[in-house]
Amino acid sequence: VKELFSSLGVQCNILELDQVDDGANVQEVLSEITNQRTVPNIFVNKVHMGGCDRTFQAHQSGLLQKLLQEDSTYDYDLIVIGGGSGGLACAQEAAILGKKVMVLDFVVPSPQGTSWGLGGTCVNVGCVPKKLMHQAALLGQALNDSRKFGWEYGQQVKHNWETMTEAIQNHISSLNWGHRLSLREKSVDYVNSYGEFVEHHRIKATNRKGQETSYTAAKFVIATGKRPRYLGIQGDKEYCITSDDLFSLPYCPGKTLVVGASYVALECAGVLNGLGLDVTVMVRSVLLRGFDQEMAERVGSYMEQHGVKFLRKFIPVMVQQLEKGSPGKLKVVAKSTKGPETIEGVYNTVLLAIGRDSCTRKMGLDKIGVKINKKTGKIPVNDVEQTNVPYVYAVGDILEGKLELTPVAIQAGKLLARRLFGGSLEKCEYINVPTTVFTPLEYGCCGLSEEKAIEVYKKENLEVYHTFFWPLEWTVAGRDNNTCYAKIICNKFDNYRVIGFHVLGPNAGEVTQGFAAAMKCGLTKQLLDDTIGIHPTCGEVFTTLEITKSSGLDITQKGCG
Amino acid sequence: MKVAVVDYVEPSPRGTRWGLGGTCVNVGCIPKKLIHQAALLGGMIRDAPHYGWDVAQPVLHDWRKMAEAVQNYVKSLNWGHRVQLQDRKVKYFNIKASFVNEHTICGVTKGGKETLLSAEHIVIATGGRPRYPTHIEGALEYGITSDDIFWLKESPGKTLVVGASYVALECAGFLTGLGLDTTVMMRSIPLRGFDQQMSSLVTEYMASQGTRFLKHCTPSRVQKLPDGQLQVTWEDLTSGRENMGTFSTVLWAIGRIPETRSLNLENAGINTSPNSQKILVDAQEATSVPHIYAIGDVAEGRPELTPTAIMAGKLLARRLCGQSLDVMDYSNVPTTVFTPLEYGCVGLSEEEAMARHGEEHVEVYHAYYKPLEFTVAERDASQCYIKMVCLRKPPQLVLGLHFLGPNAGEVTQGFALGIKCGASYEQVMRTVGIHPTCAEEVAKLRISKRSGLDPTVTGWRG
């Protein structure tokens, strides 16, 4: 490496670690800030290059020469590609730290032609409209309950889809606007253009009219997120919709087939059912893959008991349009995964929710050598969110091996900016991240699923406590007993540390959040037992858990407090 | 152990009585939360049209239907408790007990029949009953209390609630939510003993929802009018003037007194506090007589909450059986006031923290937030507020958490666990939020009171 720089005529600052007193300490710190213990450890113009191999690779590709140039000629300190949860958080934090930042955001219209404003998936076609529609469905249930509590209105209550979507879209527009205002206030340049790399440190930005502009930056953050995947069968792009389209659909979807078993599929199916629509969910294998399967089955079971139809172990092979309209009529042919059986069904709407694909394949990453997972499109990063190209970082859903959640992206984006520009060393912690599935009966969880816990710790080293509970508000309303369920998984050999928390019940998100904080502080079964419950709530059930799965005792509630 | 339970409900001055289970089940937590839910559902019915539901407004409420449903559920709990005692072979006596001597009690049935029971250990858990302001003319004859409100078969109509306790505010809150004309008369501050900033936000929200507040007023007289309405005369302490008003119902919620007077405690030598009349106990819940114990609301210095009474009772039983030595920990007990906008809290109030540690050593993080569900419903979120009181010294140990908003009990429970684990501000901030919820705002508190910055969270600041 020394010879290489010498041949390039570059003056190096060389610190020989074996010749200084605190060499070991320096090596320790280097390991912490660069994730590299070995020497040589090279930095060029404050950018961490890596070791010998990486430096030679960079020389080969021309990157090294670029870095060696005076870098004050870049247009920006940071360009963020993608104006979603992760991108905006990173950009704004960098701007607060005094850097010159640009955000590019561009929404390629869905096959059905749907598009939206600044803010990314969460704000436009994810968390926000999803939760609002979920609330609409819950209100339908509340209207039913209210009669038992003495509220009087005679008629069967109907739901107006357009009223709801208009109200939701109005709120989303206010959020789009708020984001634009926030960027302006922080002097972050925002361009509504599609960004692609053309060479090292340079992107071209193409707007809706096709006009191209070029920008350069010292550092880049890719936060382009994902879009719903299609089946690749006849009729899918022409006639099917996805979550990209559902929340702004200008007409009621009517009788709907939801294809998929992801939380997106189940949440959407739950909402549509709650609004009074005929809903069928077509599932290839298991529900909520990756989640605790016992909880997943309970989620599905509740939905089934409340009118959602499930077609298990089928996949669609063809979608045909029978009638045009808003909505029209579609015929779906599906094949069994177990044998030759095929079935047919007629629906007004087919909603595909079979997964999401990373938006990384068409942005010129190959031009600058950023490695992506060929199969998934996800970008592998180290624990400081750096790609294999030193000045290029990534946050959010496109990261390989990380959770696809808004708060995770926001946290990662913020901390990344602080490390890059604020001298911070803090890394994003990805363990014990809580989440909630907003199905009709909500499912909140933090930590390990029971299967994962058994895999990691072995069944005999675990104790699982569980119980059914009947929310007080459900009693008078005459709603199901022995349905809401609470479960914790404890590690016997670590003081009965709570390593998995699962709750199925109303307001699961509100319940789970605090317990996630407690798990971060090392929650144990004893501490749960020592804590007084708040009465009457659902959350208090965790302070009185007694029955273990291993005891085999019955957890059925007999109906009283 | 061979166990007997002796339970008896002295009818209220209005004649209300109830079955086995105590205050919580019959005239406390349970009916309170159910009627609170009825009131909340009224709010949801108003939200529904915004979300597309075609419900003609306004929707009227039938008190009778609700009361019957709530009362039926409570009766099922009474029954459930009796069955449970039977299953566990605990003898149940529905008699009014008092002490004959340290090991003997005398119980009288409703019919007057007497029974004597003796025991090696005795646990007094007689709780408390609402106080009547007997010095106020007409208070006893014409007013009701929380003992009666949950068992009314007819709507209370236009109601005056006298008091500033959580009982007063919760009752006034649900009455307003059910569409009834409700006024709260308070002598001084709301929710004495609770964080005062939070308490004002609670009453501010109630006022915005239509509850009338008569602050710094005390009633002097209650008279019955020929048409059956009640005329209340009160003094406005600020102006010194007298005022009058007419109500269908007057509800006294000015505190509770322990049920100790008729126990004949002197016969056993059990000491009570001269101020509160509550029974004096040590950390093992033992009274001045070693084999006699007291738990729950009747014991001096204990929080008056169901879950603490339950836990104290359980631990006591285990100690008596020699199964454990564990003693109850009464610190950091979380609680929630189920007013229209709910207030959940655990740990120290801001005032207590300042008093204990000094202002320079305390850091308070706070935020006003807007629940997502309020947006489309066009609800006012001005009082939705969170406050975390911490020690200023890193890692900033959390001393108290205060949450005002929907589902406050659910939000607070888990964080109470965190505080029990010794959570620091830094640890809470490293907890990733669940999106979108109200609870995540706790994990996003960044603005300190000391900074003077605007603590309003907007939807687009990550």
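Keep in mind that this is a model prediction, so the values were computed, not measured. (Residues numbered from 1 in each chain as written. Chains lettered and ligands numbered in written order. Predicted model: local features only at pLDDT ≥ 70, side-chain atom pairs only at ≥ 80, totals over all residues. Heavy atoms only, no water.)

### Re helix α11 (residues 408-420) of chain B
Side chains of residues three or four places apart in an α-helix project in the same direction, reflecting 3.6 residues per turn.
All names here are of chain B.
Right, on to step 1. Spanning 13 residues, α11 covers 18 Å between terminal C-alpha atoms, matching the ideal 18 Å at 1.5 Å per step.
Right, on to step 2. Burial analysis of α11 places 13 of its 13 residues in the buried class, the great majority of the element.
Right, on to step 3. Of the residues trailing α11, G422 is marked for its positive phi of about 80 degrees. (Helix = DSSP H or I, 4+ residues; strand = E, 2+ residues; numbered from the N terminus. Expected span 1.5 Å × (residues − 1). Buried < 20%, exposed > 50% of the residue type's maximum accessible area, 1.4 Å probe, protein only.)

### Digging into empty space enclosed by the protein
Right, on to step 1. Applying the stated criterion across every chain, the model contains 4 cavities of 30 Å³ or more.
Right, on to step 2. Surrounding the largest cavity, A517 of chain A together with M388, V398, L401, F415, G418, I419, A423 and V428 of chain B form its lining.
Right, on to step 3. Contributions of two or more residues to the lining of the largest cavity are made by β22 (398-404) and α11 of chain B.
Right, on to step 4. Looking at the lining of the largest cavity residue by residue, the class counts come to 8 nonpolar, 1 polar and no charged.
Right, on to step 5. Taken as a whole, the second largest cavity encloses approximately 40 Å³ of empty space.
Right, on to step 6. Around the second largest cavity, the lining residues are G128, R256, I257, P258, K278, D297 and E304 of chain B. (1 Å grid on protein atoms, 1.4 Å probe; cavity = no way out; pocket = protein on both sides within 12 Å on 5 of 7 lines; lining within 4 Å. Points joined across faces, edges and corners; volume = space filled by probe spheres on them. Nonpolar A, V, L, I, M, F, W, Y, C, P; charged D, E, K, R; others polar.)

### Side note on the sheet that holds strand β12 (residues 217-224) of chain B
In a beta sheet, neighbouring strands pair by backbone hydrogen bonds and run either parallel or antiparallel.
All names here are of chain B.
Right, on to step 1. Strand order across the open sheet formed by 3 strands is β12-β13-β14, with antiparallel pairing between neighbours. Each having just a single partner strand, β12 and β14 (242-247) make up the two edges of the open sheet. Within this sheet the neighbouring strands show an average axis-to-axis angle of 25 degrees, counted without direction.
Right, on to step 2. Where strand β13 (residues 230-236) meets β14, 6 bridges bridge the pair, whose relative direction is antiparallel. Among the inter-strand pairings, L230 is bridged to a residue of β14, identified as F247. (Pairing = 2+ DSSP bridges. Axes fitted to C-alpha atoms, helices over the stretch in contact; angles between N-to-C directions.)

### Focus: the packing of aromatic side chains
Right, on to step 1. Applying the stated criterion to the full structure yields 15 aromatic pairs over all chains.
Right, on to step 2. Residues Y76 of chain A and Y215 of chain A carry aromatic rings whose centres are separated by 6.3 Å and whose planes lie at 65 degrees to one another, so their mutual orientation is edge-to-face. Residue Y76 of chain A is found in strand β3 (residues 76-81), and its partner Y215 of chain A is found in strand β9 (residues 212-222); the two are separated by 139 residues along the sequence. Note on accessibility: Y76 of chain A and Y215 of chain A belong to one class, buried.
Right, on to step 3. Here the aromatic residues F197, F220 and Y391 of chain A are joined through ring pairs into a cluster of three or more.
Right, on to step 4. One residue, R379 of chain B, lies across the ring of F374 of chain B, its end atom 5.3 Å from the ring centre. (Phe/Tyr/Trp six-rings, centres within 6.5 Å; stacked < 30°, edge-to-face > 60°. Lys NZ or Arg CZ within 6 Å of the ring centre and 35° of its normal.)

### Focus: the UniProt feature "active site" (unreviewed entry) in chain A
Right, on to step 1. Per the UniProt annotation, the sites labelled "active site" (unreviewed entry) are H535 of chain A.
Right, on to step 2. Among the structural elements, H535 of chain A can be located in the segment after α18 (525-530).
Right, on to step 3. For H535 of chain A, a relative accessible area of 23% translates into the label partly exposed.
Right, on to step 4. Other than its neighbours up to four places away in sequence, H535 of chain A contacts E540 of chain A together with C24, C29, I30, T306, P307 and F338 of chain B.
Right, on to step 5. For H535 of chain A, the side chain forms a polar contact with the side chain of E540 of chain A, separated by 2.9 Å. (UniProt positions renumbered as here; feature names shortened; annotations may be inferred. Contact = heavy atoms within 4.5 Å. Polar contact = N/O pair within 3.5 Å; in protein donor to acceptor, adjacent residues only side chain to side chain.)

### Describing the UniProt feature "domain: FAD/NAD(P)-binding" (unreviewed entry) in chain A
Right, on to step 1. Under the feature "domain: FAD/NAD(P)-binding" (unreviewed entry), the UniProt entry names residues 76-413 of chain A.
Right, on to step 2. Helix makes up 33% of residues 76-413 of chain A and strand 26%, whereas the separation of the span's terminal C-alpha atoms amounts to 18 Å.

### A short note on the pairing of strand β10 (residues 182-186) of chain B
All names here are of chain B.
Right, on to step 1. The element β10 is largely enclosed, with a buried count of 5 among its 5 residues.
Right, on to step 2. The two faces of β10 match: T182, V184 and M186 on one face and T183 and M185 on the other face are all buried.
Right, on to step 3. Both strand β9 (residues 159-162) and β10 contribute to a ladder of 4 bridges, which runs parallel. Bridge pairing in β10 places V162 opposite M185.
Right, on to step 4. Once you follow β9 into helix α6 (residues 166-177) and on to β10, the crossover reads as right-handed.
Right, on to step 5. Here 4 bridges tie β10 to strand β11 (residues 212-215), and the two strands are oriented parallel to one another. Within the sheet, the bridge partner assigned to M186 lies in β11 and is K215.
Right, on to step 6. Each parallel crossover has a hand, and for β10 linked through helix α7 (residues 196-208) to β11 it is right-handed. (Right-handed = clockwise from strand over helix to strand, strands pointing away.)

### A short note on the packing of helix α2 (residues 29-47) of chain B against helix α3 (residues 63-87) of chain B
Residues and elements named next belong to chain B.
Right, on to step 1. At their nearest, the axes of α2 and α3 sit 10 Å apart, and the two run at 150 degrees to each other. In terms of their interaxial angle, α2 and α3 are classed as roughly antiparallel. Taken as a pair, α2 and α3 cross one another with a handedness that is right-handed. Where α2 abuts α3, its residues I30, P31, L34, I35 and A38 lie against M66, V70, Y73, V74 and L77.
Right, on to step 2. Class assignment for the residues of the contact of α2 with α3 results in 10 nonpolar, no polar and no charged. (Parallel < 35°, antiparallel > 145°, perpendicular 65-115°, else oblique. Left-handed = near helix turned anticlockwise from the far one by under 90°.)

### Overview of the nonpolar core
Right, on to step 1. The biggest cluster of nonpolar side chains holds 178 residues, and the ones touching the most others in it are F542 of chain A together with W53 and M388 of chain B.
Right, on to step 2. For this core, the leading source of residues is helix α7 (residues 127-148) of chain A, giving 9 residues.
Right, on to step 3. Not counting residues up to four positions away in its chain, the partners in contact with W53 of chain B are A136, L139, G140, L143, V157, K158, H159, G274 and L275 of chain A together with A48 of chain B. (Core = buried A, V, L, I, M, F, W, Y, C linked by side-chain atoms within 4.5 Å.)

### Focus on the interface of chain A and chain B
Right, on to step 1. Every contact between the two is made by 91 residues of chain A and, on the other side, 81 residues of chain B.
Right, on to step 2. For the chain A and chain B pair, buried surface summed over both sides reaches about 7,600 Å², with 69% attributable to carbon and sulfur atoms.
Right, on to step 3. Of all residues in chain A, the largest losses of buried area upon contact with chain B belong to W151, E510 and I532 of chain A, amounting jointly to 11% of the total for that side.
Right, on to step 4. If you look at where chain A meets chain B, you find 3 salt bridges.
Right, on to step 5. Broken down by secondary-structure element, the contributors of at least two residues to the side of chain A that touches chain B are α7, β5 (151-152), α8 (161-185), α14 (406-421), β20 (435-437), α16 (472-477), α17 (508-520) and α18 of chain A.
Right, on to step 6. Sort the elements by how many residues they give to the side of chain A that touches chain B and α7 of chain A lands first, with 14 residues.
Right, on to step 7. Classifying every residue of the side of chain A that touches chain B by side-chain character gives 40 nonpolar, 33 polar and 18 charged.
Right, on to step 8. Taken together, the 2 bridges between β5 of chain A and strand β2 (residues 60-61) of chain B define a ladder with antiparallel strand orientation. (Buried area = accessible area lost by both parts, 1.4 Å probe. Salt bridge = Lys/Arg side-chain N within 4 Å of Asp/Glu carboxyl O.)

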